Amino acid sequence: MPTMPAVDEAQIDFETIELLFFAYRDFVSDPDAILAKIGMGRAHHRVVYFVCRQPGMMVTDLLETLQITKQSLARVLKQLIESGYIRQMAGAKDRRERRLYPTLAGRELALALSEPQSRRIARAMNELPPDTRASVKEFLRRMRGRDESLEPIDSDLD
């Protein structure tokens, strides 16, 4: 086991970490229940979501967006294509490009998964003043970003 660096516990914001952990757990619970009924998981959700948001995106763009390896994406993408949720087509100008498009079923699935999440967000933001809503979104924007020194994840997306 590698040696872990010494950490000053007093410097760790456990309260916010727990709030984020539980918010994420509950945020994904509704889509997880829908996906479980069709034998899919969070990995499928992420792929369908981003392909629907950016129809025609290249596989390389999806890999960059999700920050994963080709191997991690291959099984999930294959299942979504075989199940009729995603279409993969060669690029019009460069036939080597693999472009991804949602099918009607894929778009319906993405909307069905996003709708309960959108309701949850609306409920949480409903009584917040506009400036606080903007602060929440800014906080989330600032939370983004992966340590560039880390390699892409080479495991399942779930």
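What counts as what
- Residues numbered from 1 in each chain as written.
- Predicted model: local features only at pLDDT ≥ 70, side-chain atom pairs only at ≥ 80, totals over all residues.
- Heavy atoms only, no water.
- Helix = DSSP H or I, 4+ residues; strand = E, 2+ residues; numbered from the N terminus.
- Expected span 1.5 Å × (residues − 1).
- Buried < 20%, exposed > 50% of the residue type's maximum accessible area, 1.4 Å probe, protein only.
- Axes fitted to C-alpha atoms, helices over the stretch in contact; angles between N-to-C directions.
- Parallel < 35°, antiparallel > 145°, perpendicular 65-115°, else oblique.
- Contact = heavy atoms within 4.5 Å.
- Phe/Tyr/Trp six-rings, centres within 6.5 Å; stacked < 30°, edge-to-face > 60°.
- 1 Å grid on protein atoms, 1.4 Å probe; cavity = no way out; pocket = protein on both sides within 12 Å on 5 of 7 lines; lining within 4 Å.
- Points joined across faces, edges and corners; volume = space filled by probe spheres on them.

A. Up close: helix α2 (residues 42-53). The first and last C-alpha atoms of α2 sit 16 Å apart over 12 residues, in line with the 16 Å expected at 1.5 Å per residue. All of the buried residues along α2 are Ala-43, His-44, His-45, Val-47, Val-48, Val-51 and Cys-52.

B. Structural detail: the packing of α2 against helix α5 (residues 104-125). Their axes nearest at 9 Å, the elements α2 and α5 cross at an angle of 105°. Taken together, the axis directions place α2 and α5 in an arrangement best described as roughly perpendicular. The segment α2 lies against α5, with His-45, Val-48, Tyr-49 and Cys-52 engaging Gly-106, Arg-107, Leu-109, Ala-110, Leu-113, Ser-114 and Gln-117.

C. Quick look at the packing of aromatic side chains. For the structure shown, the criterion picks out 2 aromatic pairs. Here Phe-21 and Phe-22 contribute two aromatic rings whose centre-to-centre distance is 5.1 Å and whose plane-to-plane angle is 75°, an arrangement assigned as edge-to-face. Where Tyr-49 meets Phe-50, the ring centres are 5.0 Å apart and the plane angle is 90°; that geometry is what we call edge-to-face.

D. Region of interest: the layout of surface pockets. In this model, the largest pocket occupies a volume close to 2,500 Å³. As for the largest pocket, its lining consists of 41 residues, of which Tyr-24, Phe-27, Phe-50, Leu-140 and Arg-144 are closest to the centre. Residue assignment for the lining of the largest pocket shows that the elements contributing at least two residues are α1 (14-37), α2, α3 (59-66), α5 and α6 (130-143). Looking at the lining of the largest pocket element by element, the count peaks at 9 residues for α1.

Function cannot be inferred from these measures alone, as they are strictly geometric.
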